[in-house]
Amino acid sequence: MGLGIAIIGYGEVGQIWGAEFAAAGARVATYDILFGTPAAEARIARAPGLGVRVAASAAEAAEGAEIVVSAVTADRARGVAEGAAYLVPGQVWFDINSASPGTKVASAAAVEARGAGFVEGAVMATVPGKGLRVPILGGGPLAPATAERLNALGMNITPVEGPTGRASAMKLCRSIVIKGLEAM
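Small disclaimer: the values here were computed from a predicted structure and weren't measured.

### As for the overall build of the chain
Reasoning step 1: Secondary structure assignment for the chain yields 7 helices and 8 strands.
Reasoning step 2: Counting across all 184 residues of the chain, residues that qualify as buried make up 47%.

### So, the environment of Thr 164
Reasoning step 1: Relative to the assigned elements, Thr 164 resides in the loop between strand 8 (156-159) and helix 7 (166-183).
Reasoning step 2: When the C-alpha atoms of Thr 164 and Gly 139 are compared, they prove to be 5.4 Å apart, with 25 residues separating the residues in sequence.

### So, the sheet that holds strand 5 (residues 92-95)
Reasoning step 1: The 8 strands are arranged 3-2-1-4-5-6-7-8 in an open sheet whose pairing can be described as mixed. At either margin of the open sheet sits one strand with a lone partner, and together these are strand 3 (52-54) and strand 8. Mean inter-strand twist for the sheet, computed between neighbouring axes without regard to direction, equals 25°.
Reasoning step 2: As judged from the 4 bridges shared by strand 4 (residues 67-70) and strand 5, these two strands associate in the parallel manner. Directly across from Ser 70, in strand 5, lies its bridge partner Asp 95.
Reasoning step 3: Relative to the sheet, helix 5 (residues 101-112) contacts strand 5 and strand 6 (117-123), its axis offset from that of strand 6 by approximately 155°.

### Let's talk about the nonpolar core
Reasoning step 1: Of all hydrophobic cores here, the largest spans 31 residues; its most connected members are Ile 5, Trp 17, Phe 21, Val 69, Phe 94, Leu 150 and Met 155.
Reasoning step 2: Mapped by element, the contributors of at least two residues to this core are strand 1 (4-8), helix 1 (12-23), strand 4, strand 5, strand 6 and helix 6 (143-151).
Reasoning step 3: Listed in part, the 20 residues of the second largest apolar core include Ala 55, Ala 58, Ala 61 and Ala 108.

### Brief notes about the packing of aromatic side chains
Reasoning step 1: Applying the stated rule across the entire model yields 3 aromatic pairs.
Reasoning step 2: Note on Trp 17 and Phe 21: the rings are 6.3 Å apart at their centroids and 70° apart in plane angle, and the pair reads as edge-to-face. One end of the pair, Trp 17, and the other, Phe 21, are both in helix 1, 4 residues apart, so they sit about a helical turn from each other. Here Trp 17 and Phe 21 have matching classes, each one buried.
Reasoning step 3: Seen in terms of ring centroids, Tyr 31 and Phe 35 are 5.8 Å apart; in terms of plane orientation they differ by 80°. Their pairing is edge-to-face.
Reasoning step 4: Residue classification places Phe 35 among the buried positions, given a relative accessible area of 13%.
Reasoning step 5: Of the aromatic side chains, those joined through ring pairs into one cluster are Tyr 10, Tyr 31 and Phe 35.

### Brief notes about helix 6
Reasoning step 1: Within the span of helix 6, buried status applies to Ala 143, Thr 146, Ala 147 and Leu 150. The buried residues of helix 6 occupy an angular sector of 105° when the element is viewed end-on, so they sit on one face.

### Some words on helix 1
Reasoning step 1: A rise of 1.5 Å per residue sets the reference length of helix 1, with its 12 residues, at 16 Å; its end C-alpha atoms lie 17 Å apart and thus fit the reference within 8%.
Reasoning step 2: Considered for burial, the residues of helix 1 that qualify are Gly 14, Gln 15, Trp 17, Gly 18, Ala 19, Phe 21 and Ala 22.

### Some thoughts on the pairing of strand 4
Reasoning step 1: Alternating positions in strand 4 separate into two faces, Ile 67 and Val 69 on one and Val 68 and Ser 70 on the other, with burial throughout.
Reasoning step 2: Note that strand 1 and strand 4 share 4 bridges and pair parallel. Bridge pairing links Ile 8 to Ser 70 in strand 4.
Reasoning step 3: In this fold, strand 4 hands off to helix 4 (residues 77-82), which returns the chain to strand 5; that crossover is right-handed.

### Let's talk about the side chain of Asp 32
Reasoning step 1: Among the structural elements, Asp 32 can be located in the loop between strand 2 (27-31) and helix 2 (41-46).
Reasoning step 2: With sequence-adjacent residues up to four places away left out, Asp 32 is seen in contact with Gly 9, Tyr 10, Gly 11 and Arg 43.

What counts as what
- Residues numbered from 1 in each chain as written.
- Predicted model: local features only at pLDDT ≥ 70, side-chain atom pairs only at ≥ 80, totals over all residues.
- Heavy atoms only, no water.
- Helix = DSSP H or I, 4+ residues; strand = E, 2+ residues; numbered from the N terminus.
- Buried < 20%, exposed > 50% of the residue type's maximum accessible area, 1.4 Å probe, protein only.
- Pairing = 2+ DSSP bridges.
- Axes fitted to C-alpha atoms, helices over the stretch in contact; angles between N-to-C directions.
- Contact = heavy atoms within 4.5 Å.
- Core = buried A, V, L, I, M, F, W, Y, C linked by side-chain atoms within 4.5 Å.
- Phe/Tyr/Trp six-rings, centres within 6.5 Å; stacked < 30°, edge-to-face > 60°.
- Arc of directions from axis to C-beta.
- Expected span 1.5 Å × (residues − 1).
- Right-handed = clockwise from strand over helix to strand, strands pointing away.

Okay, structure coming up:
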């Protein structure tokens, strides 16, 4: 049986990655706070045909998963990590939210307090069109091992040395330079 992946947040990125992870042989489950509302009906209806199991809660989605991908909005990232009381030792929380380095550090502390591992992901380009192949900088001590597991499914994660927060800081610096050059 393939790698178990839970995706918390089934918006644009969650839908793209969920389908691609499943096509690569992973067992995929997902949960989104919008499940149960009219806004999510079409996503829920499509998920099983893409190989993605829809869960009634984040805890249910994460049950049996080796990697839990947090793909929520940046303003919710820390709260979702702090509320992940369902995590168990051995699971890895892969935070791919566009949040600040400080938010990543706080999220890591919450996740690691439960005995789970934390890997920050700094997504360096837009996901649509690239899917799993989008370049991602991975930060934290578990980034190399997590990158190895996820890159085997088609991801493009490059681990960076240093503490949690460094990958997100690198992304911010790059964005400032690129946007500055575009403005000139």
